[in-house]
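# Fold and geometry: a report
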Amino acid sequence: MSTHTLSPKSSNESLQSSSSAASSPDKLAPAVEGAMVWEKLDASKYIMEFTSGEVQDVRAAVIKVKIAGTPRSQISQDTFDLANSELTHKLRSISTELHQGHGIVVIRGLDAANFNDEEAVIAFAGICSYVCPERATDSYANQTLTNPETGHVRDATKEKVPLWAKDIGLAGSKITAAMDFHSDRFSGDVLALHVRNDGGVGSGGEQFVTSFWSIYNELLENDPEVLEIMAEPDWPFELKQKDKAPYLEYGPTLFFSKGKPMCQLVKAPLLGTPLIHRDPSMPVVSDKQLHAMHTVEALAKRFCTKLDRKQGDIQFINNLSIMHARAAYTGSNGKPSARHLLRMFLRDPENAWDKPARFWKNFDDPFTPGREQNLPVIDNDPWRIISGRESHG
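What comes next concerns the included structure. Since the model is a prediction, treat every value here as computed from it, not as a measurement. (Residues numbered from 1 in each chain as written. Predicted model: local features only at pLDDT ≥ 70, side-chain atom pairs only at ≥ 80, totals over all residues. Heavy atoms only, no water.)

Of regular secondary structure, the chain possesses nine helices and 15 strands. Evaluated residue by residue, the chain yields a buried proportion of 57% over its 393 residues. For the chain, the share of sequence-separated contacts (at least 6 apart) that also reach a separation of at least 24 residues comes to 83%. For the chain, the exposed area adds up to about 16,100 Å²; of that, 50% sits on carbon and sulfur atoms. (Helix = DSSP H or I, 4+ residues; strand = E, 2+ residues; numbered from the N terminus. Buried < 20%, exposed > 50% of the residue type's maximum accessible area, 1.4 Å probe, protein only. Contact = heavy atoms within 4.5 Å. Areas by Shrake-Rupley, 256 points an atom, 1.4 Å probe, with all protein chains shown as cover.)

Dropping the structure here:
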């Protein structure tokens, strides 16, 4: 291992959970083992098919919600009645796979339900409530299909920009450019995506996932200094505020929970993007930090899997151990792309990993009890939320 070590402060306060005994104050955690360490994961390992009967059970639950007039913000296991104990057990088992297995599950077959936009949101929220009961809500605008920008992932590049938004720029979820591998910082333990429209054959937008645990083990053996740089609490994140100037928050991009490496590396708040520029008053990342980002990206591409995707899929990804990326995508004949995904961030208290004591509030904030939730059916305002506190990759 490199002779460079973390200071006791960074290890104790930033790197480790208060209950972690897996790594000493001045050392990285040992190599990790288990199903979450993988390369080129076969689709058969993570796809879970819905039977036609299970699709009908979900449709019946959606109809019950609509008849009862249940607000979408109150959709839970209690209000989304599946009336099928085998299906509820099947959905609950997904959480175990996300936290103790490969870290990825894709539910397939829901497209057969032919849901309209409202029904799709209800079904998505209802199914997610069984997998991980807690939904993240962005404190910036009380949006639940969000964190930080609104949770409708789509092409808004051809929409007329209001005068008040001309200097804001579109967030990553609203543009068609490729996105490097990242984990969404302090957004939630599990990323959930519902594929409403994949954009069509040949339109791009392919999704990729990679095991950070595989990256961690590779770096631990061959270039541990990169991990040490990631774990230092001096990464300069530029965070946005509504109607206020951005502010600087230092922190690490690598944490541990009882020996489990947790990656929270996202480039937008560190480097800015072509459409959301970094404020010139902010410090730039160091050469060592740039090297670490490039090294992680190269290994992510080496180990990655192209996610098997079909219309109607619901994708669940462990946002702490699995990094994700996407290819660029386009529309046709000068029109915007039809690609449309719904997105939420989730947490399952039963299986959630412990978090480092110093940053527990950051990880916990999206799940603050009592915060008003809003699950918008249609995204009519792609500029309203995009400068939320935590920037997307």
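That was the structure; now back to the text.
Applying the stated rule across the entire model yields 20 salt bridges. The partner of aspartate 189 in a salt bridge is lysine 355, and the shortest N-O contact between them spans 3.0 Å. One end of the pair, aspartate 189, is in the loop between strand 5 (179–182) and strand 6 (190–197); the other, lysine 355, is in the loop between strand 15 (340–347) and helix 9 (360–364), and 166 residues separate them in sequence. A cluster of three or more residues bridged by salt bridges with shared partners is formed by Arg59, Lys66 and Glu119. (Salt bridge = Lys/Arg side-chain N within 4 Å of Asp/Glu carboxyl O.)

Another aspect to go through is the nonpolar core. By size, the foremost hydrophobic cluster in this structure holds 59 residues, and its most contacted members are Phe212, Ile215, Tyr216, Met230, Trp235 and Leu265. Beyond its immediate chain neighbours, meaning those up to four positions away, leucine 265 contacts His182, Ser183, Met230, Trp235, Thr253, Leu270, Met293, Val296 and Met323. Membership of the second largest hydrophobic core comes to 38 residues, among which are Ile107, Leu110, Val121 and Ala125. (Core = buried A, V, L, I, M, F, W, Y, C linked by side-chain atoms within 4.5 Å.)

Let us look at the environment of glutamate 225. Mapped onto the secondary structure, glutamate 225 falls in helix 6 (residues 224–231). Between the alpha carbons of glutamate 225 and alanine 292 there is a distance of 8.6 Å; along the sequence they are 67 residues apart.

This part takes up the sheet that holds strand 14 (residues 322–326). Spatial ordering of the open sheet is given by 5-14-7-12, a layout of four strands whose pairing is antiparallel. The sheet is open, and its two edges are formed by strand 5 and strand 12 (305–306), each paired on a single side. Across the face of the sheet, helix 8 (residues 287–303) comes into contact with strand 5, strand 7 (207–211), strand 12 and strand 14 while running at roughly 90° to strand 5. (Pairing = 2+ DSSP bridges. Axes fitted to C-alpha atoms, helices over the stretch in contact; angles between N-to-C directions.)

Here we come to the side chain of aspartate 189. Residue aspartate 189 is classed as buried on the basis of its relative accessible area of 3%. Of note is the side chain of aspartate 189, whose polar atom sits 3.0 Å from the side chain of lysine 355. Apart from the residues lying within four places of it in its own chain, the contact partners of aspartate 189 are Ile317, Asn318, Asn319, Leu320, Leu346, Arg347, Ala352, Trp353, Lys355 and Phe367. (Polar contact = N/O pair within 3.5 Å; in protein donor to acceptor, adjacent residues only side chain to side chain.)

The next thing to look at is helix 5 (residues 212–222). Because each turn of an α-helix spans 3.6 residues, side chains separated by three or four positions end up pointing in the same direction. Within helix 5, eight of the eleven residues are buried, leaving the element largely enclosed by the surrounding structure. Here the buried face of helix 5 lies against strand 7, helix 6, strand 10 (254–257), strand 11 (260–263), helix 8 and strand 14. Between the side-chain oxygen at the start of helix 5 and the backbone nitrogen of tryptophan 213 there is a gap of 3.3 Å, and the oxygen is on serine 211.

What follows concerns unusual backbone geometry. Generally, phi is negative for residues other than glycine and the peptide bonds are trans, each holding for most cases. For alanine 83, which is not glycine, the phi torsion reads 50° and is therefore positive. Mapping alanine 83 onto the fold places it in the loop between helix 2 (52–68) and helix 3 (85–100). In the Ramachandran plot, lysine 258 falls in the positive-phi region, its phi being about 50° despite a non-glycine side chain. Locating lysine 258 in the fold gives a position in the loop between strand 10 and strand 11.

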